[in-house]
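The residues making up each chain are set out below.
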Amino acid sequence: MSLPKFTYCEPKTLEEAALKLAEYDGRARIVAGGTDLLLGMRRGIAKPEVVISLARIAGANAIVASATELRIGAMATLAEVAQHPLVQQHFPALACAAAVTGTVQIRNMGTVVGNICNASPSADTATPLLIYDAKMIVVAPGGERTVALAEFFRGPGKTALTQGELVKEIVLKLPSGTTRSNYQKLSPRSKVDIAIVGVSALLAFSETGAIRRARIAIGSVAPVPKRALEAENMLEGCQLTPEVIAAVAAVAAKEAAPITDMRASEDYRRSMVAVLTRRALQQNQREQQ
Amino acid sequence: MSQNNSAMKVVGQSIPRIDAPIKATGKARYTGDMKLPGMLYGKMLFSSVPHASIVRIDVSKALALPGVKDVIVGKDTPGIKFGNWRLFPATQDELPLAIDKVRFIGDAVAAVAAISQDIADEAIGLIEVEYAPLPAVYTIEDSLAAGAPLIHDENKELTNNISLDRKIDVGDVDAAFATADYVREDTVFVHAVSHAYMEPCAVLVEPDTEGRLTIWTSTQTPYIVQCLLASTLAIPENHVRVVKPYIGGGFGGKMELRPWDFCASLLARRTGRPVRFVLTRVEEFEVGRRRHGMKIRSKVAFKKDGTLIAKDFEAYLDGGAYNSMGPTATFLCGNFGAMLYRYPNYRYRGHHVYTNKPPAGAMRGFGAPQALYLSETQMNIAAEELGIDPIELRLKNAMVTGDVIEGVTRISSAGFVESLHKVAEMTNWKEKRASLAPNKGIGIGCYSFISGGVFNWFNTQYNFASCEIRAYSDGTAHLLTMAADIGQGSDTVLRQIMAQDLGLDPEQIRLTAADVTMTPKADLGTWGSRVTLMNGNAVLDATQKMRAELAKMVSLRFNLNVIHEVAFADGRVFAKAQPAKGISFGEAVTMWVKANRGEELVVRGHYTPRDLGLTSPAYSFGAQVAEVEVDPETGVVTVEKVSTAHDCGTVINPLAVEGQLEGAIQMGLGYALCEQFVMRDGKTLNTTFLDYKVPAAEDMPAIASAAIETYEPQGPLGAKEAGEGLAIPTAPAVSDAVWHATGYRCKDLPITPEKILRATGKL
């Protein structure tokens, strides 16, 4: 299928992009890497009259750190994020997820912000960003607002963005104290495939080895990537034992609400949430020891 | 056949493919890259319903769309059916455009030609078709159930949905079973998969003012397209010139006339303008041919010591809505069921069943991957139950050179025993099979395959393979052949065979391939792993004639005693025993031309297999071992290593054979583990590479291989096939390795993680 006709524009600033987006009120789409949008347009799922590229906005691809935060710009590619030393050091689950999304070519074009804004339940970078309490900086013609990632996903392909809004960057708070985190992806048909289950887990340990804070996020098993809050609560203040890990994994699986589709069955997905949650926690534990 | 007496200098060398640079740099021009002045863009309308009568088609809105030049429907066509089995016209059951009935989601209903692709696409959406739905069936069971709708009720000879049966009876199967010590019966279901060739089908047709057509089409079989296009258009064959451009793979999916070939041709004749169709990947997955899904039952009988004494084999092929290449697959499935081992008593019953799904056609292995998945799995089960090592059990029963299957085949060379020994040695089989780490498994699968078919269901009056060689005074030569290189490498290999036999450098050979009005008639095309053997023999027939002519010149020039052999090497023609008595190839050509008063030196070579049984002139053999690790919690199978020892006769080009092997393993892994069509009510749901999952480069295992060289007397310089056979053993080998790791024996391909977990009680 050929690409339908559309008008293409390349604003020089985010404000200009937001104005354009507002001007075309629902008939325009933002394009960063285009790896999702173009496929949608070819298949007739997305039909924007205007496509607004962020490619000419200076600094939009920056990944910058302050003493307390890391900011990932809207045009930072999956490959750039995966290879960034600070991401690898402080946010290993994100580095891993960005490194296993799609193919080399897709990682060189696709962006992390785009992966989030596409709001696929299976987005690889979604569960890592959830465990790092990521905040989305959203710009509109009137100004900026901050949306917690946990509030950002509203359904498959749906986000909290309203008309005229686009994401400028993602902000991650640099961790204090000892934290361990990782991403577990299951794509059983091929190493180059969509995750049928993705689990990220973060554990912050106190000096006694007890768990100070826990985050578990599950992907591909609900209409949106989401945190397994009950499972997280079970962990806080605990020492990690095999029994605790097994119990937490079972609760995480209960928190999943998967469906059967052509890639996997509901049963299998739910069961794999437990397996991957356990593996994520075990890996955190190994790294802590 | 006499051969050049000089040493092998070109054959056996890993010469890179002639087409490698142009393809690697993106310069190769495929049909979809071609554009002609005034060219129109075509688009097909495919049926959206699985089974229905066509009540009404209204194309007026489409015709009224500015830029649309023509729209055709079934009633605009001569209404002539086609199919590759011309010898049996009743099997020709497909119309290029449906007239009164559609039988699957994808049956061609109409076609548009417009001044741009966008307009053609839009026009398709404006065609109104009113269907009166008919009951539809999607499985073999439903299709054969009492009261099932007759999918081809127009064929009064059919009383049910079985379009064709095939029987083989060798010996007395029932008597043999009565004397058996051990009997094993299994039924398996093997699934349909896609060829997933890189280049979607495309065709460009240019009409001339007298109604003749030049057609560039992505085909494996230019000659078959020429003949069937002429018959469906009701014009002389000689009005149809099919030229094969570069082809991005076929694997059996491009060996028939296809509706877009016909529609582009008819639209070109009607509009007087060139017309091009390029299918999308989604269309390929929705309407494209596929490998036959089959339900196969096999019962085998052994003596206590492991000697096979009988086999009773029955296959139901899920053929989809038309015969396509199903009759050949039904025939070959039975032949392959009898291969690899000596079955003194053998019975086969094959049934080709219509269903309201896209037709299954030929696909790499052509009935063998299915038959041998069951045969090999059953050998492995039997080995376990008899307490005999699976390789030992195979060695006990392996076919050897000189074996004959009465009424089916004769084996003129077989390196199967050697392959089994070699692969055991390469993999340290005995030790690994006996003791492996938890969740690791090692398994075996074997294959045999034909080097071309001797059957002539296409009913050509011409030789099966032909070529012409022209030689020139500058020391170069020109090979003209209808052999179709679709990516398998025949252009390179045929040039090697010719260069070897004429003592030339391959680069001195110009090649014109597969232009049906310019290259000698005929060649049945690229399928059944026939090209190296058949066209290779045709080339050698021609080079032999060429050598005879040029030898006369050297004989005369040096007044050679008649007892001398004349040899051809390094661009020279000389007395073998006295190399100084010789001249360059070009000088010899000049002498011949002068001696013949200015005539160009042209020879022709032909090959048709005669009196060589019912199946093939020659058979390849091989054994493959797969080593896997299965994650016991997720069921994910990682194939770590695949080792192959195989007999393809003389290896003409080791690099090309390696390429075939790697591609075959990739395809075999997809068949075993991850490829399948997801269908609902006759509709294919996974129509992109996102959801039709083929193994990627990252999924490929380590690969080890060893060639067992035999000399095949029927083959060119001793060569046999190395194309399709290698795609067969991977699925049974991986399946056996998964069993070895988990205890799960797959009888319902593909082997998915979920199936493993359910079988092992983990889900």
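Quick note: structure is the one above.
Scope of this entry: the structure provided in the associated data block. (Residues numbered from 1 in each chain as written. Chains lettered and ligands numbered in written order. Predicted model: local features only at pLDDT ≥ 70, side-chain atom pairs only at ≥ 80, totals over all residues. Heavy atoms only, no water.)

## Some details on the overall build of chain B
Put simply, the rule is: Only runs of H or I of at least four residues qualify as helices and only runs of E of at least two qualify as strands under DSSP, and these elements are numbered from the N terminus. To get the radius of gyration, use the C-alpha atoms; to get the globule rule, take the number of residues to the power 0.38 and multiply by 2.2 Å. A simple rule labels every residue: compare its accessible area, found with a 1.4 Å probe on the protein chains alone, to the largest value its type can have, and call it buried under 20%, exposed over 50%, or partly exposed in between. To measure how exposed things are, a 1.4 Å probe is used in the Shrake-Rupley method; for residues, cover is taken only from the protein chains shown. We score Asp and Glu as negative and Lys and Arg as positive, and we do not count His or the chain ends. In plain terms, the charge of a residue is placed at NZ if it is Lys, CZ if Arg, CG if Asp and CD if Glu.
Helix and strand counts for chain B stand at 19 helices and 30 strands. Its C-alpha atoms give chain B a radius of gyration of 27 Å, near enough to 27 Å, the size a compact globule of 763 residues would have. With respect to the principal axes defined by its C-alpha atoms, chain B has extents near 80 × 75 × 50 Å. Counting every position in chain B, which comprises 763 residues, the buried fraction comes to 63%. Carbon and sulfur atoms make up 51% of the accessible area of chain B, which totals about 26200 Å². Where the 77 positive side-chain charges of chain B centre and where its 87 negative ones centre are 3 Å apart.

## With respect to the pattern of salt bridges
Opposite charge on two side chains permits them to pair, given that their charged atoms come into close proximity. Residue and element names in this part refer to chain B. Put simply, the test is: Whenever Lys or Arg places a side-chain nitrogen within 4 Å of a carboxyl oxygen from Asp or Glu, that contact is recorded as a salt bridge.
For the structure on display, the rule yields 72 salt bridges over all chains. Of the charged contacts, one joins lysine 295 and glutamate 141 as a salt bridge, the two residues approaching to 3.3 Å between their closest N and O atoms. Taken together, the residues lysine 295 in strand β13 (residues 293–302) and glutamate 141 in helix α4 (residues 140–144) connect sequence positions 154 residues apart. The exposure class of lysine 295 is partly exposed, given its relative accessible area of 34%. Classification of glutamate 141 as partly exposed rests on a relative accessible area of 43%. A single network of salt bridges, built from pairs that share partners, joins Asp174, Glu185, Arg297, Asp312, Glu314 and Arg347.

## A few points about the pairing of strand β10 (residues 166–173) of chain A
Residue and element names in this part refer to chain A. Which entries qualify depends on this criterion: Paired strands, as defined in this entry, are two strands with at least two bridges between them according to DSSP.
Of all 8 residues in β10, 6 are buried; the element is thus mostly enclosed. Bridging between strand β5 (residues 69–73) and β10 involves 5 bridges; their strand directions are antiparallel. Following the sheet pairing, glycine 73 is matched in β10 by glutamate 169. With 5 bridges joining them, strand β6 (residues 135–140) and β10 adopt antiparallel strand pairing. Residue pairing in the sheet places isoleucine 137 in a bridge with glutamate 169 of β10.

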